[in-house]
Every structure is written in C-alpha cells, then in structure tokens.
Amino acid sequence: MPNVDLWVFSAPVEAMGQINSILAEFGASGSFHGQPLEVNTVQIRVQADLPEYQIPDLVSALAKTSATFELNSFAEHSERFLHHPSLGICRNEFDQAGEVVLRVGQLEQLLLETRGNLSDFSRGFRRLTGVPWLDLVEPYRKVADYAIALPRAV
C-alpha cells in the first residue's frame, strides 16, 4: 500500500467540514491551521496509507472543494498530483531517481500540437512536467518554511 503525503496548501474556511468528510472516507484525518498568505483560508497536512486505486478518487474529491493541494504517493510507481483551482489537476509519475516520467505518446502529441514551434514546445513541456502548478504552490511552501523558522528567530 502506498504511503501518501497530502498537503492542502489553501482551502476556504467553509470547506473544512467537506475536506474532513472526504479524509474520513479514506481513513485519514488531521488538524487545520490558518493559512498566513490568504485571508479566510486554512491548511492541513496528512500522511496515510491508501490503496493505489483510491488515490485518484481522493484527488478528484478534494479538487471539488476549490482547495490548492499537493498529494505525493510513494510506491513502486511514485506519483504527484497537484491541484490549483485556476489550472485543475496535474499528475506526474516519477522514476526511482525522482525525475518526472514522460511517455513517448505525450511527447509525440506535444510535437504535433506545436508544429515545430520551439517556444510553444517549451510551454507545452513545462505544462507536461507540472511547472505552472509548482510555480503557484511554491509561495505556500516558502511561507511554511518561514513560519517554522520564525519562533527560532525571536
């Protein structure tokens, strides 16, 4: 059974009950904390063991809450799901070295879509590797590191 690390970076306060219900359906729970970057939002980080077949259902259910989150699944085929309300869901599979795995069909489709235009190919490649999603969630990660270091600095 894969080990799952779920970090809901930002969710509306009104969605706390819905997120708790979703987590309970999958046998997980956690405590919400205020999100320092946005007013009236919360965050939660949960680790759990889930069967692989349940992970897409959990991601889909959480995406309906308008939450910004990252779910990492560590198993034989590790994968990451990122969700941002403005971009939707991004799924990336990783090899044993931690590199994003792209399929030949994905690259072939990208080449056909971009018709040899290098700048379009570059944008499409960034999309396939999840860079736009990572760009949007990075501020949440950085503020979490800052919030942890803050008590030590005072």
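The numbering scheme is per chain: residues are counted from 1 as the chain's sequence reads. Since the coordinates come from a predicted model, pLDDT governs what is reported: local features require at least 70, and pairs of side-chain atoms require 80 or more to be given and counted, while whole-chain, interface and lining totals use all residues. As a rule here, side-chain values cover all heavy atoms of the structure and leave hydrogens and water aside.

### Let's talk about the overall build of the protein chain
In this text, helices come from DSSP runs of H or I with a minimum length of four residues, and strands from runs of E with a minimum of two, each type numbered from the N-terminal end. When its secondary structure is counted, the protein chain shows 5 helices and 7 strands. Reading the protein chain from its N terminus to its C terminus gives the helix and strand order β-α-β-β-α-β-β-β-β-α-α-α. Classification of residues uses two cut-offs on accessible area relative to the type maximum, computed with a 1.4 Å probe and protein chains only: under 20% is buried, over 50% is exposed, and between them is partly exposed. Taken over 154 residues, the protein chain has a buried fraction of 40%. Between two residues, a contact is recorded if the distance between any of their heavy atoms is within 4.5 Å. Taking all contacts inside the protein chain whose residues are at least 6 apart in sequence as the whole, residues at least 24 apart take part in 57%. For accessible areas, the Shrake-Rupley method is used with a probe of radius 1.4 Å. Any residue's cover is judged against the shown protein chains and nothing else. By element, 53% of the accessible surface of the protein chain is carried by carbon and sulfur atoms, the whole surface being about 9100 Å². By the counting scheme adopted, Arg and Lys are positive, Glu and Asp are negative, and His together with the chain ends is not counted. Every charge is mapped onto a representative atom, which is NZ of Lys, CZ of Arg, CG of Asp or CD of Glu. Charged side chains in the protein chain number 12 positive and 19 negative. The centres of these two groups are separated by 6 Å.

### Considerations on the packing of aromatic side chains
Two aromatic rings, drawn from Phe, Tyr or Trp (for Trp, its six-membered ring), form a pair once their centres lie within 6.5 Å of each other, and the interplanar angle then sorts them: stacked below 30 degrees, edge-to-face above 60, tilted otherwise. Overall, the coordinates contain 3 aromatic pairs when judged by the stated rule. Among the aromatic side chains, those forming a connected cluster through ring pairs are Trp7, Phe9 and Tyr140.

### A few points about the packing of helix 3 (residues 104–114) against helix 4 (residues 118–128)
The geometry of helix 3 relative to helix 4 is characterised by a closest axis approach of 9 Å and an angle of 145° between their N-to-C directions. Note that helix 3 runs across helix 4; the crossing there is right-handed. On the side of helix 3, the interface is formed by Gln106, Leu107, Leu110, Leu111, Glu113 and Thr114, while helix 4 contributes Asp120, Phe121, Gly124, Phe125, Arg127 and Leu128. The axes used here are C-alpha line fits, helices contributing only the stretch in contact, and every angle between their N-to-C directions lies in the interval 0 to 180 degrees. Each crossing gets its handedness from the near helix: less than a right angle anticlockwise from the far helix is left-handed, clockwise is right-handed.

### As for the sheet that holds strand 3 (residues 41–49)
Taken in spatial order, the 7 strands line up as 2-3-1-4-5-6-7 in an open sheet, and their pairing is antiparallel. Sheet topology places strand 2 (33–34) and strand 7 (100–101) at the edges, where each strand pairs with a single neighbour. Only when DSSP finds a minimum of two bridges between them are two strands counted as paired. As defined by bridge partners, strand 1 (residues 3–12) adjoins strand 3 across 8 bridges and the pair is classed as antiparallel. The partner of Leu6 across the bridge, within strand 3, is Val46.

### Observations regarding the environment of Leu82
Checked against the element boundaries, Leu82 lands in strand 5 (residues 79–84). Once the C-alpha coordinates of Leu82 and Gly105 are considered, the two residues, 23 residues apart in sequence, prove to be 22 Å apart. Beyond its immediate chain neighbours, meaning those up to four positions away, Leu82 contacts Phe69, Glu70, Gly88, Ile89, Cys90, Gly130, Trp133, Leu134 and Val137.

### What to know about unusual backbone geometry
It is generally the case that most residues other than glycine have a negative phi and that most peptide bonds are trans. The phi dihedral of Asn40 is positive, around 60°, even though this residue is not glycine. By the secondary structure assignment, Asn40 is in the loop between strand 2 and strand 3. Even without being a glycine, Arg115 presents a positive backbone phi close to 50°. By secondary structure assignment, the location of Arg115 is in the loop between helix 3 and helix 4.

### A word on the side chain of Thr41
Inspection of the secondary structure puts Thr41 in strand 3. For Thr41, a relative accessible area of 13% translates into the label buried. Ignoring sequence-local partners within four residues, the contact set of Thr41 consists of Ser10, Ala11, Pro12, Val13, Gly34 and Gln35.

### Quick look at the packing of helix 1 (residues 16–25) against helix 2 (residues 55–63)
The interhelical angle for the contact between helix 1 and helix 2, taken along N-to-C directions, is 170°, at an axis separation of 10 Å. The angle between helix 1 and helix 2 places the two elements in the roughly antiparallel class. In this structure, helix 1 contributes Ile19, Ile22 and Leu23 to the contact, and helix 2 contributes Leu58, Ala61 and Leu62. Classification used: nonpolar for Ala, Val, Leu, Ile, Met, Phe, Trp, Tyr, Cys and Pro, charged for Asp, Glu, Lys and Arg, polar for all others including Gly. The residue inventory of the contact of helix 1 with helix 2, partitioned by class, reads 6 nonpolar, no polar and no charged. Note on terminology: angles under 35 degrees are roughly parallel, angles over 145 are roughly antiparallel, angles of 65 to 115 are roughly perpendicular, and the others are oblique.

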